[in-house]
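Results of the structural survey
Now for the letters of each chain:
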Amino acid sequence: MEKLTKDGLEKLRQQHAAADKNYIKVGFSSCGIAAGAQEVYDVLCEEVRKHNADVEIKKCGCVGMCSAEPLVEVRVKNMPRVFYGKVDKETAIKIVEKHVGAKMLLNDRIYDMKVS
Amino acid sequence: MGKTVFIKDTTIGGKDRTRDVYGILLGVLRERGLENNVQLVRVVDIGVYGQGVVVRVLPENFLYTHVEDADIVGIVEQSLIGGKPFAAKLVAEGARQLRIVLRNCGVIDPESIEEYIAKDGYQALAKVLSDTPEKTLQEMKTSGLRGRGGAGFPTGMKWEFTRKSPGAQKYIICNGDEGDPGAYMDRSVLEGDPHSVIEGMIIGGYAIGASKGYFYIRAEYPLAIERIEKALHQCREAGLLGKNIFGSSFSFDVEIRLGAGAFVCGEETALIASIEGKRGYPSPRPPFPSVKGLWGKPTCINNVETLANIPVILLKGGAWFAGIGTASSKGTKVFAVTGKVKNSGLVEVPMGTAIEDIVYGIGGGALAGKSVKAIQTGGPSGGVIPKEHFSTKVDYESLQQMGSIMGSGGMIVMDEDDCMPDIAKFYLGFCVDESCGKCAPCRIGGTQMLRLLTKVTEGEGTPKDLEQLEQISHAMQKASLCGLGQTAPNPVLSTLHYYRAEYDAHVKNKKCPACKCAKLVRFLIMSEKCVKCGMCFKACPVNAISGNRESGYLIDQTKCIRCGQCFEACKPRAISRS
Amino acid sequence: MVKAVINGLKVEVPEGTTILEAAKKVQTKIPTLCKHPDAYLHASAACGICIVRVKGTKKMLRACCTPLDEGMDIVTHDPEIVSIRRTVLELILSNHPNECLTCGRNNNCELQSAVADFGIREEFFKKIVPNIPKDDSTGNIVLEPRKCINCGRCVDVCQNVQDVWALTFLQRGINTRMAPAGDISLAESPCVRCGQCSAHCPTGAIVEKDDTQLAWKVLRDSEQYCVVQIAPAVRVALGEAFGFPLGKNVTKKMYAALRRMGFKAIFDTNFAADVTIMEEASEFVERFAHGKSVLPLITTCCPSWVDFMEKFHGDMIPHFSSAKSPHEMMGVLVKTYYAEKNKLDPAKLKVISVMPCTAKKFEISRSREMSASGYQDVDVVLTTRELARMIKQSGIDFASLPDEDCDHILGEYSGAGTIFGATGGVMEAALRTAYSFVTGKKLSKVEFENVRGLKGVKETSVNIDGKEVKIAIAHGLANVEYVLNEVRKAQKENRPLPYHFIEVMACPGGCVGGGGQPYGVTDELRVARAKGLYSDDEAQAVRCSHENPYVQQLYKEFLGKPLSEKAEKLLHTHYQKLPVYRR
């Protein structure tokens with residue numbers, strides 16, 4: 001990476017500014033990792049590869065709902081952005097299959113808390 | 001975007017009707033042939049608690065509470081077909097979080113500097129460097145930001161003192177030695193948004209005239225250390241650390257130092273001793289670190305949360321920040337809400353938010369079947385606030401008036417099963433363990449108090465013991481060298497103040513009203529209610545329960561350790577606790 | 001200057017003066033258990049008893065470490081302050097064993113005095129006294145951590161004044177205890193036995209090993225012929241134990257007391273100091289004027305310094321004077337020269353030394369060369385504090401004793417011998433003799449004022465026969481490193497030597513401030529004791545060691561000349577690098 005100038009910083013900011021893309025974020029702070037985020041992340045990656053799903057899988061920090069970890073945020077175009085809590089392997093598979101694939105939200109898995 | 005409906009029965013106790021309402025709603029939709037146009041979802045948590053059946057309609061975000069079956073048709077017709085609110089059950093959203101410190105936590109990849117930059121990262125630094133340090137100091141003073149580590153000293157003033165102290169070499173230290181039981185917001189920020197802390201620190205360095213910064217992070221936070229290390233590496237690669245940052249004449253670099261597990265090293269002078277490689281003993285002030293700190297040079301120590309606020313303040317302006325919060329406490333505060341609460345986690349709210357909004361509105365209240373009794377804020381240096389005072393608005397002064405403190409933002413929720421002398425004993429025990437042992441009032445006073453509290457909780461206490469507790473507390477508050485000892489008696493004094501009757505019950509009647517203190521509680525199986533299911537037998541970890549499904553069961557009091565497992569396991573409530 | 005108010009009285013003190021010190025100006029004593037009046041020690045702020053109030057507020061400050069600020073209004077005593085102090089004192093008492101009657105500090109313990117002053121008549125809190133064993137592994141300094149109140153004086157003096165770092169605090173909370181770093185025994189630690197810890201300890205947690213019973217046994221054994229020697233610095237400190245003014249020279253009463261206690265002969269280490277100068281000055285002249293061996297020459301009278309050097313500065317061994325300390329020279333001369341002349345069996349001769357020093361207890365068995373007579377040259381070492389106790393045990397009314405003289409032939413001393421007890425004294429004595437040895441002339445003025453005083457490192461030069469002799473004097477071991485590094489730098493860069501002659505004494509102020517001296521040492525006291533020695537010097541007819549007729553007789557009859565083969569065998573020693581930790 002080159003030494004940043006002020007212009008360079010601005011350019012970089014615009015380059016990486018959020019594009020309108022589908023994503024799945026997995027909370028990868030201590031709380032998430034302790035609750036099993038790594039397995040969830042691996043399953044999600046595997047499923048997305050298998051289904052060739054149109055979604056990017058990312059890691060992020062803790063959003064604050066520590067009691068609901070592993071926490072997975074899913075954002076698919078034209079659907080509400082939601083958090084799935086206490087995600088296990090099965091839920092992870094369903095997230096890719098149903099939510100990302102069939103555009104169907106999962107029952108009994110969503111934590112619709114006041115994060116912001 | 002099509003319509004989405006979230007459903008959740010938030011009634012406390014009783015039958016969960018979420019599925020019933022889901023069925024009714026689905027039926028109504030089918031009748032109208034809309035079942036494929038609307039996504040109907042049962043959710044685990046809907047962000048509202050104890051408000052009956054709750055329905056949320058998206059994307060408009062209409063929120064309906066106490067929804068009766070009869071309301072469903074109205075909701076479908078008004079909101080799902082008409083796109084309008086169903087006025088009869090519409091409520092405004094309750095307390096919400098406002099995220100400044102946690103703005104990027106859970107949003108960006110903490111290991112990517114690009115994602116941080118995409119969220120306006122390092123813009124504040126660029127802006128600050130194109131102006132004088134005095135301008136930054138002014139902006140910070142305008143913001144009214146106060147230190148988030150506990151004492152709440154105005155950050156702008158702290159910076160100014162350090163800047164004005166004579167000396168060519170100065171230091172800024174990020175205090176990441178978070179140690180209050182139950183508080184972990186600093187860890188979360190370091191792990192989730194390391195660059196915001198680094199940016200705050202570089203800006204601080206510029207403002208006070210420091211060329212060197214230290215991260216003091218407790219070794220128990222390996223992931224935070226790893227992420228800060230990575231972020232620092234990225235900063236050096238990008239020229240955000242090192243010589244002539246952004247082409248200015250300002251040069252700055254940062255080193256990491258690990259805390260070795262002593263709570264007292266969060267105290268500024270002990271922290272400095274620890275970085276210098278000495279025993280982590282606090283030293284008397286004056287001289288203050290801003291005059292004579294690390295290696296004898298002027299040093300500014302800021303907490304993680306404080307530093308994470310800095311970039312936003314300088315980007316949006318001190319006046320913007322000062323517009324949030326109360327008269328004396330500006331901005332937001334992150335609380336780690338833990339203990340006997342439904343949603344334990346981190347919550348960031350504007351200063352001045354009522355405790356009840358945090359505990360019930362966001363935290364979701366007590367765990368199933370229990371009721372909240374009090375909270376403890378400020379960790380072991382703080383005090384309890386009974387539920388009767390939950391309308392108190394959290395800021396530095398009002399918490400102090402309640403006999404507690406803001407501290408680093410721990411908020412531990414206690415329910416009816418928590419015994420106050422026992423809670424006081426727990427917190428005091430923490431301070432006794434963590435006392436550095438340097439000054440006599442803390443070292444010996446704490447130990448003597450713990451001994452007295454142990455007597456009380458074991459039913460051996462006397463009224464004179466309570467007097468001695470108060471006497472030692474007073475001496476410790478006034479004569480201890482550092483904050484640890486000065487505040488260690490607070491949990492005892494505040495529980496004595498609010499729950500004197502509980503202490504008296506232990507001392508005079510040898511009873512523990514919360515049935516918590518093992519020596520004062522007895523578990524008995526009431527044969528008339530017992531259904532001989534054997535659950536208690538299975539639950540007992542020490543085989544104190546004998547018997548079988550024919551003859552029934554009996555608790556051997558000599559073996560019983562009073563853990564309460566059988567009591568919790570007994571469905572027909574056939575075990576008495578007294 | 002800072003103007004402020006204490007207890008309603010106006011006070012004006014220099015900036016930086018603590019409230020504790022400032023209060024003395026208005027005749028107010030604020031109690032403290034951790035702050036020692038010795039300016040070498042920092043305020044640790046550990047005990048919490050010195051709290052005072054900013055008038056009209058709830059705020060309390062520690063008087064020991066808070067500087068008086070302009071306009072401050074301080075209250076040092078009010079009912080609340082006194083009651084808090086009392087509670088803290090009761091807490092400290094609850095953590096301290098009740099063993100006053102058999103404690104080394106009985107009757108001069110600061111905690112005992114405070115408890116007495118506060119009129120504490122019953123134990124309010126339950127006793128929680130740790131069970132930590134005594135450490136008497138060194139045979140000269142005894143640690144009793146159970147009696148420690150964690151004031152931190154010993155750790156401060158060991159680490160910051162002496163730079164030895166033998167003592168530290170281990171563990172935390174109620175388990176915090178003073179101990180050698182790494183929880184090893186003191187003997188295995190870097191301890192150099194200077195005893196400054198014991199001299200500053202407020203309680204009986206660190207004391208000198210008491211050899212008074214051993215001394216009595218030796219002294220009362222009719223089979224033995226027991227002689228005594230007294231070090232220079234003892235004579236100006238012993239009087240403090242008997243109500244004499246600070247720095248009062250009680251040499252002649254001391255001789256009388258020792259004679260009444262039963263010693264067969266009373267000798268004076270000052271005589272041996274003169275002998276040391278003969279050897280050391282000759283060594284210096286050899287090196288300086290005749291180019292034999294390396295410069296600078298470094299003095300070795302101080303056993304703590306020797307131990308320190310062997311552990312931490314082994315590269316400096318070639319610079320060390322091989323001359324033994326006066327104390328050891330006396331021992332060997334008693335068992336050879338004196339024995340021969342008086343036809344005494346050296347096997348039955350016992351030498352007891354009275355020293356201002358705890359390290360001297362260690363020096364007598366430092367190496368085989370300390371038995372050059374064929375027997376251990378010195379048998380028992382007592383500190384000034386122990387001698388005071390023995391005099392009291394003897395029922396001697398010390399203050400009323402008549403003046404008496406010491407015994408021939410190892411007693412009479414020159415003025416040069418007596419100033420050995422103060423920092424710069426060995427240097428001054430050596431210069432007086434070296435000047436004469438080099439020039440063959442008598443000094444017109446024997447005083448070298450530049451080498452005197454309490455500055456940590458004194459650097460100066462003197463002119464001997466047209467040649468400039470550059471000298472450095474360090475006292476307080478933490479000051480040594482600077483001096484030695486100057487030498488090392490010059491050697492490395494091939495520059496001219498910064499010094500030709502270096503004197504080091506481990507204790508601040510030299511032996512007058514030694515670890516075995518009466519308690520309560522401050523610079524005021526060090527100055528007073530040193531003044532006593534310089535007056536003794538002035539009072540002597542003979543001011544230079546080589547002019548001492550008994551010294552001349554010794555060389556004529558017995559040793560031949562300085563650095564002779566016999567002198568080398570009896571009066572010189574060797575050094576070796578030692579590991580810092582012995583484990």
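Note that the structure is predicted; figures quoted are calculated from it, not measured. (Residues numbered from 1 in each chain as written. Chains lettered and ligands numbered in written order. Predicted model: local features only at pLDDT ≥ 70, side-chain atom pairs only at ≥ 80, totals over all residues.)

**Examining the overall build of chain C**
Within chain C one finds 18 helices and 17 strands. Expected size for 583 residues packed as a compact globule is a radius of gyration near 25 Å; at 25 Å, chain C falls within 12% of this value. Considering only C-alpha atoms, chain C reaches an extent of 75 × 60 × 50 Å along its principal axes. Partitioning the intrachain contacts of chain C with sequence separation of at least 6 by distance along the chain shows that 75% fall at a separation of at least 24. (Helix = DSSP H or I, 4+ residues; strand = E, 2+ residues; numbered from the N terminus. Rg over C-alpha atoms; globule rule 2.2 N^0.38 Å. Contact = placed C-beta atoms within 7 Å.)

**Focus on the overall build of chain B**
The number of helices and strands found in chain B is 22 helices and 17 strands. A compact globule built from 578 residues would reach a C-alpha radius of gyration of about 25 Å, and chain B, at 27 Å, matches this within 12%. With the C-alpha coordinates aligned to their principal axes, the bounding extent of chain B is approximately 85 × 75 × 40 Å. Evaluated residue by residue, chain B yields a buried proportion of 57% over its 578 residues. At a minimum sequence separation of 6, the contacts of chain B that also span at least 24 residues come to 69%. (Buried ≥ 20, exposed ≤ 12 C-beta atoms within 10 Å, placed from the backbone.)

**Here's the deal with the nonpolar core**
Note that soluble globular proteins tend to have their nonpolar side chains buried in a common cluster. Ranked by size, the top nonpolar core spans 385 residues in total, and within it L428 of chain B together with F267 of chain C carry the most contacts. Top element by residues in this core is helix 8 (residues 269-290) of chain C. It accounts for 10 residues. Other than its neighbours up to four places away in sequence, L428 of chain B contacts G446, M449, L450, L453, A488, P491 and V492 of chain B. Counting residues in hydrophobic clusters, the runner-up holds 13 residues, among them I545, C566, C570 and A574 of chain B. (Core = buried A, V, L, I, M, F, W, Y, C linked by C-beta atoms within 7 Å.)

**Things to note about the packing of helix 8 of chain C against helix 17 (residues 549-559) of chain C**
All names here are of chain C. It is at 10 Å that the axes of helix 8 and helix 17 come closest, and there the two elements cross at 60°. Between helix 8 and helix 17, the angle falls in the class oblique. Between helix 8 and helix 17 lies a crossing of right-handed hand. Two secondary-structure elements touch here, helix 8 through F271, D274, V275 and M278 and helix 17 through Y550, V551 and L554. (Axes fitted to C-alpha atoms, helices over the stretch in contact; angles between N-to-C directions. Parallel < 35°, antiparallel > 145°, perpendicular 65-115°, else oblique. Left-handed = near helix turned anticlockwise from the far one by under 90°.)

**Observations regarding the interface of chain B and chain A**
Each partner contributes residues to the interface: chain B has 49 residues there, and chain A has 40 residues. Those elements giving two or more residues to the side of chain B that touches chain A turn out to be strand 1 (3-9), strand 2 (38-45), strand 3 (53-58), helix 3 (113-118), helix 7 (185-192), helix 9 (222-238) and strand 10 (345-350) of chain B. In terms of residue count, the dominant contributor to the side of chain B that touches chain A is strand 2 of chain B (6 residues). Tallied by class, the residues present in the side of chain B that touches chain A amount to 24 nonpolar, 12 polar and 13 charged. Where strand 5 (residues 110-111) of chain A meets strand 2 of chain B, 2 bridges bridge the pair, whose relative direction is parallel. By the bridge assignment, I110 of chain A is partnered in strand 2 of chain B with V43 of chain B. (Nonpolar A, V, L, I, M, F, W, Y, C, P; charged D, E, K, R; others polar. Pairing = 2+ DSSP bridges.)

**Quick word on the interface of chain B and chain C**
Where interface size is given, it is often the accessible area lost as the parts come together that is meant. Taken together, the contact pairs 27 residues of chain B with 29 residues of chain C. Broken down by secondary-structure element, the contributors of at least two residues to the side of chain B that touches chain C are helix 15 (420-434), helix 16 (440-457) and helix 17 (463-479) of chain B. Within the side of chain B that touches chain C, the residues separate by chemical class into 13 nonpolar, 8 polar and 6 charged.

**As for helix 8 (residues 194-208) of chain B**
Residue and element names in this part refer to chain B. An ideal rise of 1.5 Å per residue puts 21 Å on 15 residues; helix 8 measures up with 21 Å between its terminal C-alpha atoms. Counting buried positions along helix 8 gives 15 out of 15 residues, so the element sits mostly inside the fold. Of the residues flanking the end of helix 8, it is G209, one or two places downstream, whose phi is positive at about 85°. (Expected span 1.5 Å × (residues − 1).)

**Section: the domain arrangement of chain B**
Along its sequence, chain B is organised into domain 1 (3-89), domain 2 (113-321), domain 3 (332-415), domain 4 (420-508) and domain 5 (522-577). For domain 1 of chain B and domain 2 of chain B, the distance between their C-alpha centres works out to 48 Å. (Domains from an automatic or database assignment.)

**Some thoughts on the domain arrangement of chain C**
Residue and element names in this part refer to chain C. We note that the domain assignment places domain 1 (2-77), domain 2 (93-208) and domain 3 (213-571) within chain C. Between the C-alpha centres of domain 1 and domain 2 the distance comes to 26 Å. Class assignment for the residues of the side of domain 1 that touches domain 2 results in 7 nonpolar, 3 polar and 1 charged.

**Some points on the sheet that holds strand 10 of chain B**
Residues and elements named next belong to chain B. Read across the sheet, 5 strands follow the order 10-9-13-11-12 without closing on themselves; strand pairing throughout is mixed. Both edges of this open sheet fall to strand 10 and strand 12 (383-386), since each of them pairs with a single strand only. This sheet shows a mean twist of 30° between the axes of neighbouring strands, independent of strand direction. Bridge analysis of strand 11 (residues 372-377) against strand 12 gives 4 bridges, and the strand direction is antiparallel. From the neighbouring strand, A374 faces strand 12, where its bridge partner is P386.

**Points about the sheet that holds strand 5 (residues 73-75) of chain C**
Strands in a sheet are paired, the pairing made by backbone hydrogen bonds, and the direction either parallel or antiparallel. Residues and elements named next belong to chain C. Taken in spatial order, the 5 strands line up as 2-1-5-3-4 in an open sheet, and their pairing is mixed. Looking along the sheet, the strands with just one partner apiece sit at the ends: strand 2 (9-13) and strand 4 (60-62). Strand-to-strand twist of the sheet, defined as the mean angle between neighbouring strand axes without regard to direction, takes the value 40°. Relative to strand 5, strand 3 (residues 51-54) runs antiparallel, the two sharing 2 bridges. Bridge pairing in strand 5 places R53 opposite V75.

**Observations regarding helix 16 of chain B**
Because each turn of an α-helix spans 3.6 residues, side chains separated by three or four positions in sequence point in the same direction. Residue and element names in this part refer to chain B. Taking 1.5 Å per residue, 18 residues should reach 26 Å; helix 16 reaches 25 Å between its end C-alpha atoms and fits that length. Within helix 16, 15 of the 18 residues are buried, which leaves it mostly tucked inside the rest of the structure. At the C-terminal side of helix 16, G459 shows a positive phi close to 80°.

**Observations regarding the confidence of the model for chain C**
Summing up the model confidence of chain C, the mean pLDDT is 96 and the portion of residues at 70 or higher is 100%. At the level of chain-chain contacts, confidence expressed as ipTM amounts to 0.94, with global pTM at 0.92. (pLDDT = per-residue confidence, 0-100.)

**Examining unusual backbone geometry**
Residue and element names in this part refer to chain B. That bond from L58 to P59 is cis: its omega, 10°, falls within 30 degrees of zero. By the element assignment, P59 lies in the loop between strand 3 and strand 4 (62-64). Here the amide bond leading from R285 into P286 is cis, since omega sits at 0°, within 30 degrees of zero. Along the chain, P286 turns up in the loop between helix 10 (268-275) and strand 8 (299-303). One non-glycine residue with positive phi stands out, namely D120, at about 65°.

**Examining the environment of E310 of chain C**
All names here are of chain C. Tracing the sequence through the fold places E310 in helix 9 (residues 303-312). Through-space distance from the C-alpha of E310 to that of L578 is 5.3 Å; in sequence the pair is 268 residues apart. Other than its neighbours up to four places away in sequence, E310 contacts Y575, Q576, K577 and L578.

**Let's talk about the packing of helix 8 of chain C against helix 10 (residues 326-342) of chain C**
Residue and element names in this part refer to chain C. One way to put it is that helix 8 packs onto helix 10 with a least axis distance of 8 Å and a crossing angle of 100°. Taken as axis vectors, helix 8 and helix 10 run roughly perpendicular relative to one another. Each of T269, A272, A273, V275 and T276 in helix 8 lies in contact with helix 10, whose residues at this interface are P326, H327, M329, M330 and L333. Looking at side-chain class alone, the contact of helix 8 with helix 10 contains 7 nonpolar, 3 polar and no charged residues.

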